[in-house]
Amino acid sequence: MNDDLSFILNHLGEERESGYDAVVPPIVQSGNFTYPTVAAMRAVVQQEMDRPLYTRGYNPTVAILRKKIAALEHADDALIFSSGAAAMAAAVLSFTKAGDHIVCVHKPYSWTKKLVSELLVRFGVEHTFVDGTDAENYRKAIKPNTSLFILESPNSLTFELQDLSAVAAIAKDHGILTLCDNSFSSPLYQNPIALGVDMVVHSATKYLNGHSDVVAGALAGSAAHMRQVMSKEFMTLGPAPSPHDAWLLIRGLRTLPLRMERSATSADKVARFLEAHAKVKRVHWPGLESHPQHSLAKKQMKRVAGLMSIELDAPDVAAVERFCDNLKNFLIAVSWGGYESLQWPVCALQGPSGYYTDLPFTMVRLYVGLEDADRLIADLEQALAKI
Ligand SMILES: *Cc1c(COP(=O)(O)O)cnc(C)c1O
């Protein structure tokens, strides 16, 4: 029963007999590993993906995490990175060359957008951003040189879904690879690979770790795809995580189902409260029946997690700031997926940078953490009254 969730999170890959029979895996905080003979070293050099030689490539603590993430995402193998952005960049670079064309969902995570629209352009890779709410838009954007589809469902800030099996089928018809950012749902609430997508990327900083104390990423896919990324981008760019961060992630994973259940259940209450409030014009959360893609969410996601955006009925930025500054339980900060509820006002990042100008200044992203839902709702209620 290696695919049983509780087994994966609590035991898979831990081989306790090789770590002093300690219940908790040791942090193998070693940069390099030694061999009794030249022949033994030669054998390991050939298999750097699966054997300890040098921690940039393989580390026993990180290896436990690789096995768990791969099993969670129905993949053969996984690689762990020092950030989610590094995982995304390594995967995209590995399957793209000069002259290729990428089709990417519009309004993806900001650094995915910069990777595609700024960095790759310097190396002669073209791109098209598409409204992913209609899978046909992916088909229409295909050119003879299209090599990769990038998905992020739901996408950042506006939480629009892509029909993962429909887009994956279009890609397969045309011999195009698919890569999906699954950070929002975590492997618990959505499995893109089971729906036909080739590779999944995670910001492990978010739900997977869950304690706001690690920045990390993960990539999962077939053995051949992971071997390619490992032998090229992973080893040359060097985004290996520290063994200690891998250990914290293993610990965070133990409670992933409990944390997500709490966050999603509270988010449901918070979203319904906000939807009914006169000062909230719109709630972007696919768990609501009023969300235009609610039925697709029910089809391809097991549940809808605890991140949403709202649009306030606020006349100006000052009114938005009154709401935000008066929220006591939602800390003003980037990121999400930890224990603490957070708010991220779009207006804080508009302005000189020229970024996010395609979004309304009234938009605030809310992350519902592990605090009591009624406490969070009371906090929102008093802050909405200050608009
Ligand atoms: C945070 C985030 C990323 C980037 O991950 P880091 O760990 O911050 O590098 C990528 N995609 C999504 C959806 C995110 O929320």
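Above this note sits the structure.
All figures in this text were calculated on a predicted structure; none of them were measured in a lab.

(A) Just helix α5 (residues 110–119), in detail. Every buried residue of α5 is accounted for by Ser110, Thr112, Leu115 and Val116. Residues of α5 that are buried make contact with α4 (84–94), β2 (101–105), β3 (126–130) and β4 (146–152).

(B) Region of the structure containing the packing of aromatic side chains. Within the structure shown, the criterion is met by seven aromatic pairs. Centre to centre, the rings of Phe81 and Phe234 are 5.1 Å apart; their planes meet at 80°, and the pair counts as edge-to-face. Taken together, the positions of Phe81 in strand β1 (residues 77–81) and Phe234 in helix α9 (residues 223–237) put the pair 153 residues apart, joining distant regions of the chain. Here Phe81 matches Phe234 in class, with each residue buried. Here Tyr138 and Phe149 contribute two aromatic rings whose centre-to-centre distance is 4.9 Å and whose plane-to-plane angle is 55°, an arrangement assigned as tilted. Pair noted here: Tyr138 is in helix α6 (residues 136–141) and Phe149 is in strand β4, with a separation of 11 residues, a long-range link. Look at Tyr138 and you get buried, because its relative accessible area is 0%. Linked through ring pairs, Tyr207, Trp336 and Tyr367 together constitute an aromatic cluster. Sitting above the plane of the Trp111 ring, Lys114 keeps its charged end 4.2 Å from the centroid.

(C) Local environment of the site of the ligand. Around the ligand, the structure places 14 residues, and the nearest of them are Ala85, Asp181, Ser203, Thr205 and Lys206. The side chain of Asp181 places a nitrogen or oxygen atom 2.6 Å from a nitrogen atom of the ligand. One of the backbone N or O atoms of Ala216 is found 3.5 Å from an oxygen atom in the ligand. If the ligand stood free it would expose 380 Å²; the protein chains cover 87% of that surface. Along the lines of polarity and charge, the residues of the shell around the ligand split into five nonpolar, six polar and three charged.

(D) Expanded view of the packing of helix α11 (residues 256–275) against helix α14 (residues 373–384). α14 packs onto α11 with a crossing angle of 25° between their chain directions and a minimal axis gap of 9 Å. The angle between the axes of α11 and α14 places the two elements in the roughly parallel class. At the point where α11 passes α14, the crossing takes the right-handed sense. For the pair α11 and α14, contact is made by Ser266, Lys269, Val270, Phe273 and Leu274 and by Ala373, Leu376, Ile377, Leu380, Glu381 and Leu384, respectively.

(E) Spotlight on the nonpolar core. Core analysis: the largest hydrophobic core is formed by 73 residues, its most contacted members being Leu274, Met308 and Phe323. Looking at which element gives the most residues to this core, the answer is α11, with eight residues. Excluding residues within four positions of it along the chain, Leu274 makes contact with Val280, Val283, Met308, Ile310, Leu366, Leu380 and Leu384. In this structure, Phe81, Ala87, Val201 and Val229 belong to the second largest nonpolar core, which totals 29 residues.

(F) Inspection of the sheet that holds strand β12 (residues 363–367) at higher detail. Within the open sheet, the five strands sit side by side as β8-β9-β12-β11-β10. Their pairing is mixed. The open sheet is flanked by β8 (280–284) and β10 (331–332), the only strands paired with a single partner. Relative to β12, strand β11 (residues 342–345) runs antiparallel, the two sharing four bridges. Its bridge partner lying in β12, Trp344 is registered against Arg365.

(G) Molecular detail of empty space enclosed by the protein. Here the structure, examined in full by the defined rule, presents one cavity of 30 Å³ or more. Each pocket or cavity is described by its volume, and for the largest cavity that value is around 90 Å³. As for the largest cavity, its lining consists of 13 residues, and the residues nearest its centre are Gly57, Tyr58, Asn59, Val62 and Phe234. Tallying contributions element by element places helix α3 (residues 60–72) first for the lining of the largest cavity, with three residues.

(H) Up close: the pattern of salt bridges. Under the defined criterion, the tally for this structure stands at 13 salt bridges. Asp163 is paired through a salt bridge with Lys299; the nearest N and O atoms lie 3.3 Å apart. Highlighted residues: Asp163 in the loop between β4 and α7 (164–173) and Lys299 in helix α12 (residues 294–300), separated in sequence by 136 residues. By relative accessible area, Asp163 is classed as buried at 19%. Here Asp268 makes a salt bridge to Arg272, at a shortest N to O gap of 3.0 Å. Of this pair, Asp268 and Arg272 are both found in helix α11, four residues apart, which corresponds to roughly one turn of the helix. We classify Asp268 as partly exposed; its relative accessible area is 24%. It is possible to trace a salt-bridge network through shared partners that takes in Glu14, Arg16, Lys68 and Arg254.

What counts and how
Residues numbered from 1 in each chain as written. Predicted model: local features only at pLDDT ≥ 70, side-chain atom pairs only at ≥ 80, totals over all residues. Heavy atoms only, no water. Buried < 20%, exposed > 50% of the residue type's maximum accessible area, 1.4 Å probe, protein only. Helix = DSSP H or I, 4+ residues; strand = E, 2+ residues; numbered from the N terminus. Contact = heavy atoms within 4.5 Å. Phe/Tyr/Trp six-rings, centres within 6.5 Å; stacked < 30°, edge-to-face > 60°. Lys NZ or Arg CZ within 6 Å of the ring centre and 35° of its normal. Near = heavy atom within 4 Å. Polar contact = N/O pair within 3.5 Å; in protein donor to acceptor, adjacent residues only side chain to side chain. Areas by Shrake-Rupley, 256 points an atom, 1.4 Å probe, with all protein chains shown as cover. Nonpolar A, V, L, I, M, F, W, Y, C, P; charged D, E, K, R; others polar. Axes fitted to C-alpha atoms, helices over the stretch in contact; angles between N-to-C directions. Parallel < 35°, antiparallel > 145°, perpendicular 65-115°, else oblique. Left-handed = near helix turned anticlockwise from the far one by under 90°. Core = buried A, V, L, I, M, F, W, Y, C linked by side-chain atoms within 4.5 Å. Pairing = 2+ DSSP bridges. 1 Å grid on protein atoms, 1.4 Å probe; cavity = no way out; pocket = protein on both sides within 12 Å on 5 of 7 lines; lining within 4 Å. Points joined across faces, edges and corners; volume = space filled by probe spheres on them. Salt bridge = Lys/Arg side-chain N within 4 Å of Asp/Glu carboxyl O.

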